[in-house]
Number of protein chains: 2
Amino acid sequence: MPRWEQGSADRLTKAALELFEEQGFENTSVVEIADRARVTTRTFFRYFPDKREVLFAESDRIRAALVQAILDAPDVTEPLQVVTAILAEFDWIGPGIALQRRRHAVIAANPGLLERDLIKQNDIAVEFIQALRRRGVDESTARLAARVGIQVFAAAYVQWVERDDGADLRKLTDAAMALLQTLVPAGRAAD
Amino acid sequence: MPRWEQGSADRLTKAALELFEEQGFENTSVVEIADRARVTTRTFFRYFPDKREVLFAESDRIRAALVQAILDAPDVTEPLQVVTAILAEFDWIGPGIALQRRRHAVIAANPGLLERDLIKQNDIAVEFIQALRRRGVDESTARLAARVGIQVFAAAYVQWVERDDGADLRKLTDAAMALLQTLVPAGRAAD
């Protein structure tokens with residue numbers, strides 16, 4: 001990649017976020033994003049297949065790292081806790097909590113972006129299920145642990161990203177799990 | 001609506017399902033769907049905004065019925081169970097289990113349709129949360145009950161629609177909830 005192109009992906013993501021905030025996702029074109037980032041549209045399409053994907057530049061890397069963490073977990077006898085712990089301990093802040101907060105707000109406000117976000121979440125769930133299966137967890141358990149674990153974490157993540165008080169994501173996730181515990185029917189196995 | 005158009009929506013859905021099965025979602029055009037259903041493309045667009053939506057003709061009605069069931073539930077002190085029971089008792093068969101099975105398979109096999117299916121699921125979750133809030137359930141509990149309840153039900157639904165043995169959806173949902181019970185950390189509240 002020519003040196004002048006270094007940082008183009010980051011600049012494109014930042015430009016897209018600004019434009020989506022200013023004028024909405026639907027009203028923003030790839031040409032405008034490229035102009036704002038001072039690159040050609042051809043450069044845009046070298047990095048991203050469409051204007052949705054520009055907010056999900058890191059998603060393949062994030063998914064791969066999370067899946068690897070499941071494959072590397074020392075013990076998966078409590079698969080639901082493994083899933084929530086791995087999600088809660090991941091470095092979601094990346095380039096800064098303020099940027100994550102803006103990105104979260106833009107996705108929530110635009111159905112076209114939300115749809116893409118949901119399929120990315122689904123991709124993570126599908127690969128978590130496969131990883132748990134590879135670790136010897138049965139199909140039904142792997143499915144429920146992955147799908148429910150992601151929802152427990154997501155409940156904590158929304159609070160974390162929408163609040164501005166330096167709350168700890170791990171503690172919020174533990175609180176969401178404790179709340180789930182009160183919602184699930186009391187253990188008949190222990191009767 | 002002119003009499004000759006009655007049943008057009010059903011014919012379009014059936015035609016789309018056949019074509020998606022035969023040649024894939026991506027390779028099928030609105031023109032082909034309309035031709036197969038013996039209507040004009042103009043008629044197609046009178047019913048559906050795009051070729052994804054043709055498999056989700058009933059989604060608004062289904063969502064409204066499910067949300068109403070939450071608003072009408074005699075008791076929401078166990079909100080997670082309210083959510084799973086309402087989903088498990090809904091008449092998902094509609095025009096037949098064979099058709100539901102084909103629809104499920106086509107959606108699972110085509111990312112473009114899966115994306116739409118995920119956003120429909122998300123719409124249901126969002127309205128469930130609102131309905132539970134209206135019933136006096138607090139925000140965190142409403143969110144977790146709706147999101148986790150939908151995942152518990154979805155685990156049962158996948159088994160139900162993929163199996164061909166007349167299994168009972170309610171029993172499969174109860175089994176999924178019992179499995180979740182074994183995955184959630186033992187009730188510290190009872191320590």
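Residues numbered from 1 in each chain as written. Chains lettered and ligands numbered in written order. Predicted model: local features only at pLDDT ≥ 70, side-chain atom pairs only at ≥ 80, totals over all residues. Heavy atoms only, no water.

## Re the interface of chain B and chain A
Then, number 1: Between chain B and chain A, the residue contacts involve 36 residues of the former and 36 residues of the latter.
Then, number 2: Taken over both partners, the interface formed by chain B and chain A buries close to 3,100 Å², and the fraction arising from carbon and sulfur atoms is 68%.
Then, number 3: Broken down residue by residue, the surface that chain B buries against chain A is led by Leu144(B), Gln181(B) and Leu183(B), which jointly contribute 21%.
Then, number 4: On the surface where chain B and chain A come into contact, there are two salt bridges.
Then, number 5: For the salt bridge of Arg116(B) with Glu115(A), the shortest nitrogen-to-oxygen distance reads 3.4 Å.
Then, number 6: The interface formed by chain B and chain A includes two residue pairs in polar contact (both at pLDDT 80 or more). (Contact = heavy atoms within 4.5 Å. Buried area = accessible area lost by both parts, 1.4 Å probe. Salt bridge = Lys/Arg side-chain N within 4 Å of Asp/Glu carboxyl O. Polar contact = N/O pair within 3.5 Å; in protein donor to acceptor, adjacent residues only side chain to side chain.)

## Considerations on the relation of the copies chain B and chain A
Then, number 1: In screw terms, the move from chain B to chain A is a rotation of 180° and a rise of 0.0 Å along the axis, fitting with an RMSD of 0.0 Å. In symmetry terms, the pair is related by a two-fold rotation axis. Judged by C-alpha distance, Val148(B) is the residue of chain B that lies nearest the rotation axis, at 2.8 Å.
Then, number 2: Take the interface residues of chain B: 100% of them recur as interface residues in chain A, which is what a same-surface contact looks like. (Least-squares fit on C-alpha atoms with pLDDT ≥ 70 in both.)

## Comments concerning the confidence of the model for chain A
Residues and elements named next belong to chain A.
Then, number 1: Confidence in the prediction for chain A averages 91 pLDDT; 94% of positions are at 70 or higher.
Then, number 2: Within chain A, helix 5 (residues 79–89) carries the highest mean pLDDT (97), whereas helix 6 (residues 97–109) carries the lowest (90).
Then, number 3: Here the prediction assigns the complex a pTM of 0.89, and the interface score ipTM is 0.88. (pLDDT = per-residue confidence, 0-100. Helix = DSSP H or I, 4+ residues; strand = E, 2+ residues; numbered from the N terminus.)

## Topic: the packing of aromatic side chains
Then, number 1: Tallying each qualifying case throughout the model produces 18 aromatic pairs over all chains.
Then, number 2: Judged by centre distance (5.9 Å) and plane angle (70°), the rings of Trp92(B) and Tyr157(B) are edge-to-face. Of this pair, Trp92(B) sits in the loop between helix 5 (79–89) and helix 6 (97–109) while Tyr157(B) sits in helix 8 (residues 139–162), placing them 65 residues apart in sequence. Grouping residues by exposure puts Trp92(B) and Tyr157(B) together as buried.
Then, number 3: Following the ring pairs from residue to residue traces out a cluster consisting of Phe90(A), Trp92(A), Phe153(A), Tyr157(A) and Trp160(A).
Then, number 4: A cation sits over an aromatic face here: Lys51(A) above Phe25(A), 4.3 Å from the ring centre. (Phe/Tyr/Trp six-rings, centres within 6.5 Å; stacked < 30°, edge-to-face > 60°. Buried < 20%, exposed > 50% of the residue type's maximum accessible area, 1.4 Å probe, protein only. Lys NZ or Arg CZ within 6 Å of the ring centre and 35° of its normal.)

## Things to note about helix 4 (residues 59–72) of chain A
Three or four residues apart is the spacing at which side chains of an α-helix point the same way, because the helix has 3.6 residues per turn.
Residue and element names in this part refer to chain A.
Then, number 1: Over its 14 residues, helix 4 extends 20 Å from the first C-alpha to the last, a length consistent with the 20 Å expected when each residue adds 1.5 Å.
Then, number 2: Regarding helix 4, the residues found buried are Ser59, Ile62, Arg63, Leu66, Val67 and Ile70. The arc that holds the buried residues of helix 4, viewed along the axis, is 125°, so those residues lie on one side.
Then, number 3: Contact partners of the buried residues in helix 4: helix 5 and helix 7 (111–134). (Expected span 1.5 Å × (residues − 1). Arc of directions from axis to C-beta.)

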